[in-house]
Amino acid sequence: MFDGVVRFLMGLLFVLTGAGKAGAPGPTSEYMASFGLSEILLWPTIIFEIAGGVLLIIGFKTRLNAAVLAVFTIAASLVFHTDFSDQSQIILFLKNMAIVGGFLVVAKHGSENWSIDRLVSKKDDA
C-alpha cells in the first residue's frame, strides 16, 4: 500500500504542475523565455508532466517512468533553480533533489501494489 501512496503523491505533484501551466500558458511561456527556452517547449512540457504524473499514479512502466521523471526534474532544476545567491532558489533546488531521490527509490523498487505493472506481472505468472 505504501508504494501506491508514494506514487500518488509524487504523480499528483506533476499532474497539478502541468495543469497549472496549461491554465496559465502565457506567464509560464514568459518565465521559460526569461531562461532562454523557446516557447515551443511549453506544450510538450505540459503534456509530459501530466502524462508522467498519471502514469506514475496508475503504476504503468513505473521504473522507467520514475527514472525519466528524475532526469527531467534534474534538468529543470539545473535550468531554473541555480541562482544560489537567492535563498528561495536554494530551497527549490534542494526540494527538487529530494523529489529526485524519491523517484530513484521508485525506479529501483517499481510498484508493488495497486498498479498496472502489478496486474500485468500477475497475468504473466498465470
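Here goes a summary of the coordinates provided. Values in this document were obtained by computation on a predicted structure and should not be read as measured data.

Rules behind the numbers
Residues numbered from 1 in each chain as written. Predicted model: local features only at pLDDT ≥ 70, side-chain atom pairs only at ≥ 80, totals over all residues. Heavy atoms only, no water. Helix = DSSP H or I, 4+ residues; strand = E, 2+ residues; numbered from the N terminus. Buried < 20%, exposed > 50% of the residue type's maximum accessible area, 1.4 Å probe, protein only. Contact = heavy atoms within 4.5 Å. Areas by Shrake-Rupley, 256 points an atom, 1.4 Å probe, with all protein chains shown as cover. Phe/Tyr/Trp six-rings, centres within 6.5 Å; stacked < 30°, edge-to-face > 60°. Salt bridge = Lys/Arg side-chain N within 4 Å of Asp/Glu carboxyl O.

**Some points on the overall build of the chain**
Next up, step 1: Within the chain one finds six helices and zero strands.
Next up, step 2: Written out in order from the N terminus, the α and β elements of the chain read α-α-α-α-α-α.
Next up, step 3: Along the three orthogonal principal directions, the C-alpha set of the chain runs to about 55 × 25 × 20 Å.
Next up, step 4: Among the 126 residues that make up the chain, the fraction classed as buried is 32%.
Next up, step 5: Restricting the contact set of the chain to residue pairs at least 6 apart, pairs at least 24 apart contribute 70%.
Next up, step 6: Element-wise, carbon and sulfur atoms account for 72% of the exposed surface of the chain, whose accessible area totals about 7,500 Å².

**Remarks on the packing of aromatic side chains**
Next up, step 1: On inspection of all chains with the given rule, the structure shows seven aromatic pairs.
Next up, step 2: With a centroid separation of 4.8 Å and 45° between ring planes, the pair formed by Phe-48 and Phe-72 is classed as tilted. One end of the pair, Phe-48, is in helix H3 (residues 42–58); the other, Phe-72, is in helix H4 (residues 62–80), and 24 residues separate them in sequence.
Next up, step 3: For Phe-48, a relative accessible area of 27% gives the class partly exposed.
Next up, step 4: Arranged with centres 5.2 Å apart and planes meeting at 80°, the rings of Phe-84 and Phe-93 form a pair that is edge-to-face.
Next up, step 5: For Phe-84, a relative accessible area of 45% puts it in the partly exposed group.
Next up, step 6: For Phe-93, a relative accessible area of 16% puts it in the buried group.

**Some points on the pattern of salt bridges**
Next up, step 1: Scanning the entire structure with this criterion turns up two salt bridges.
Next up, step 2: Its salt-bridge partner being Glu-49, residue Lys-21 comes within 3.1 Å of it at the nearest N-O pair. Taken together, the residues Lys-21 in helix H1 (residues 2–23) and Glu-49 in helix H3 connect sequence positions 28 residues apart.
Next up, step 3: The exposure class of Lys-21 is buried, given its relative accessible area of 17%.

**Notes on the environment of Val-100**
Next up, step 1: Among the secondary structure elements, Val-100 is positioned in helix H5 (residues 87–109).
Next up, step 2: Between the C-alpha atoms of Val-100 and Val-54, which are 46 residues apart in sequence, the distance is 17 Å.

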